[in-house]
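Each chain is listed here by its residues.
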Amino acid sequence: DADGAKRFSLDLRAGRSEFLPGRITENTWGVNGAYLGPTVRASRGDKVRMAVTNSLPETTTLHWHGMRLPARMDGGPHQMIEPGATWTPEWTVDQPAATSWFHPHLHEKTAMHVYRGLAGLFLIDDPDGPPLPDEYGVDDLPLIVQDKEIDDAGELETSGVDRGTFGLLGPTILVNGTYDPFVDVTTEAVRFRLLNASNARVYRIGFADGRAFEVIGGDAGLLERPVRVDRVKISPGERVEIVVRFSPGETVVMDSRGEPRKTANDIEEDDFQLLKIVAAAALKASPGLPATLSGPGPETPPAGARVRRFSLSGSEINGHDMDMTRIDEVVPAGATEIWEIDNTTYAHNFHIHEVAFRILEINGAPPPAYQAGPKDTVFLPKEAKARLLVRFGGFVDPLTPYMYHCHLLRHEDKGMMGQFVIV
Ligand code: C2O
Ligand code: CU
Ligand code: CU
């Protein structure tokens, strides 16, 4: 645009896809295509102007998960886009580099809209960031992981989406909308940006040969320094950025190994192959990772920080279901608060719009180092408690709420969501 704004046109539409060879899935939804959407990319400081057109037969919304922006631009359940309408939010990107994403958020319909295929990545770049693998499609590869149930005719089985304790947990894994994917890599080190865009499934991602890798970032940005692990757990809505090293000519399998269920009510994790990686016979040298990736995070909460408590039970938060007309929490602009989440039942997670938080404790102990960076979603296994240090932004709007909710989409749709305003 004349004023230097970056303009994006996103068209939400229905189409047909071929996930399993020879079987056509007639009714998938996508953004500018039949399934999933383009990777949107902007740098810190950019002004972005969106035109989001709803070419679907139903009302929907498009939420910028992980983006810090005014509530009216957030794309939550209040910013509905009717069929045929175009919604035009705009804002200035002002937050650290991160892998964020977008997906619909229509109240009580999010699970189905995401399951049909509406989701995409929104990468935030920071020109002042540390040197990392960043050649998109070469040594910087996004991986959107989703589980589906596809019937013999090729149709997406949808009956489980709004059923059962967790909704649909499908047996078929798609990565970037592709069944049984592989990728050729040509560099020694490759950065994978993992997004769990599944409705409910939790993955423990690593490699079949057990190799270690470095985690460099989480939901809301880079870690202070790389953390070496051999598995990362990632629940719906979460992102993890990893850097993996390869030897010339090898073939490596990225997979997910579930932890055994402790009780019948735990969420099933299961084992899956996610991606076959084929390293070229000669690999381009990649430098080692910088020792420091980002500034130190907030270690200790400020004295007197306000504590808010959220009890998760069944599909309720603090004893009630979501009500679009009720404001649950009023937060002063720029506040740093402690949010204590107490999960009294089966597995949930907890996502807060607009903010970045740190996990101070999970079940009384610090989180694993790879989850100690800035985040916006935290997994809460059965009966877990989490203490979060939450930094709120300054977009004052007493009339338009942001959401906090369980990102297991069946739970969100059932009403496991609350609203806060910033004043
Ligand atoms: Cu990923 Cu309230 O959203
Ligand atoms: Cu969100
Ligand atoms: Cu839940």
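Everything numeric here is computed off the predicted structure, so don't read it as measured data.

Caption draft 1: Representation of the overall build of the chain in the model. Counting secondary structure elements, the chain contains 2 helices and 31 strands. Relative to the compact-globule value of 22 Å for 423 residues, the chain shows a C-alpha radius of gyration of 20 Å, a close match. Considered along the principal axes of its C-alpha atoms, the chain spans approximately 60 × 60 × 50 Å. Scored against the burial criterion, the 423 residues of the chain give a buried share of 46%. At a minimum sequence separation of 6, the contacts of the chain that also span at least 24 residues come to 77%.

Caption draft 2: Looking closely at the UniProt feature "domain: Plastocyanin-like" (unreviewed entry) in the chain. The residues that UniProt annotates with the feature "domain: Plastocyanin-like" (unreviewed entry) are residues 25-127, 188-247 and 313-423. Along residues 188-247, the helical share is 0% and the strand share 65%, with 7 Å between the first and last C-alpha atoms. Counted over residues 313-423, helix gives 5% and strand 47%. Its end C-alpha atoms are 29 Å apart.

Caption draft 3: Layout of unusual backbone geometry. Backbone geometry places glutamate 354, a non-glycine residue, at a positive phi of 75 degrees. Within the secondary structure, glutamate 354 is located in the loop between strand E26 (348-352) and strand E27 (356-362). Phi at glutamate 383 takes a positive value of approximately 60 degrees, unusual for a residue other than glycine. Tracing the sequence through the fold places glutamate 383 in the loop between strand E28 (377-380) and strand E29 (385-391). On the basis of neighbour count, glutamate 383 is assigned to the partly exposed category, with 15 C-beta atoms found within 10 Å.

Caption draft 4: Summary view of the domain arrangement of the chain. What the domain assignment lists for the chain is domain 1 (6-125), domain 2 (140-284) and domain 3 (307-422). The straight-line distance from the C-alpha centre of domain 1 to that of domain 3 is 22 Å. Taken together, the residues of the side of domain 1 that touches domain 3 break down into 6 nonpolar, 5 polar and 5 charged.

Caption draft 5: Representation of the environment of phenylalanine 350 in the model. Along the polypeptide, phenylalanine 350 turns up in strand E26. Under the C-beta neighbour-count criterion, phenylalanine 350 is labelled buried, with 25 such atoms within 10 Å. For phenylalanine 350 and phenylalanine 310, which are 40 residues apart along the polypeptide, the C-alpha to C-alpha distance reads 9.9 Å. Not counting residues up to four positions away in its chain, the partners in contact with phenylalanine 350 are Ile341, Thr377, Val378, Leu380, Tyr404 and Cys406.

Caption draft 6: Broad picture of the environment of arginine 309. By the secondary structure assignment, arginine 309 is in strand E22 (residues 307-313). Classification of arginine 309 by C-beta neighbours within 10 Å gives exposed; the count is 10. Separated by 123 residues in sequence, arginine 309 and threonine 186 place their C-alpha atoms 49 Å apart.

Caption draft 7: Structural view of the sheet that holds strand E13 (residues 182-187). The strand order E13-E21-E20-E15-E18 describes an open sheet built from 5 strands, whose pairing is mixed. With one partner strand each, in any of the chains shown, E13 and strand E18 (231-234) form the two edges of the open sheet. Within this sheet the neighbouring strands show an average axis-to-axis angle of 25 degrees, counted without direction. Where strand E15 (residues 203-207) and E18 come together, 4 bridges link them in antiparallel fashion. Across the sheet, glycine 206 pairs through a bridge with arginine 231, a residue of E18.

Calculation notes
Residues numbered from 1 in each chain as written. Chains lettered and ligands numbered in written order. Predicted model: local features only at pLDDT ≥ 70, side-chain atom pairs only at ≥ 80, totals over all residues. Helix = DSSP H or I, 4+ residues; strand = E, 2+ residues; numbered from the N terminus. Rg over C-alpha atoms; globule rule 2.2 N^0.38 Å. Buried ≥ 20, exposed ≤ 12 C-beta atoms within 10 Å, placed from the backbone. Contact = placed C-beta atoms within 7 Å. UniProt positions renumbered as here; feature names shortened; annotations may be inferred. Domains from an automatic or database assignment. Nonpolar A, V, L, I, M, F, W, Y, C, P; charged D, E, K, R; others polar. Pairing = 2+ DSSP bridges. Axes fitted to C-alpha atoms, helices over the stretch in contact; angles between N-to-C directions.

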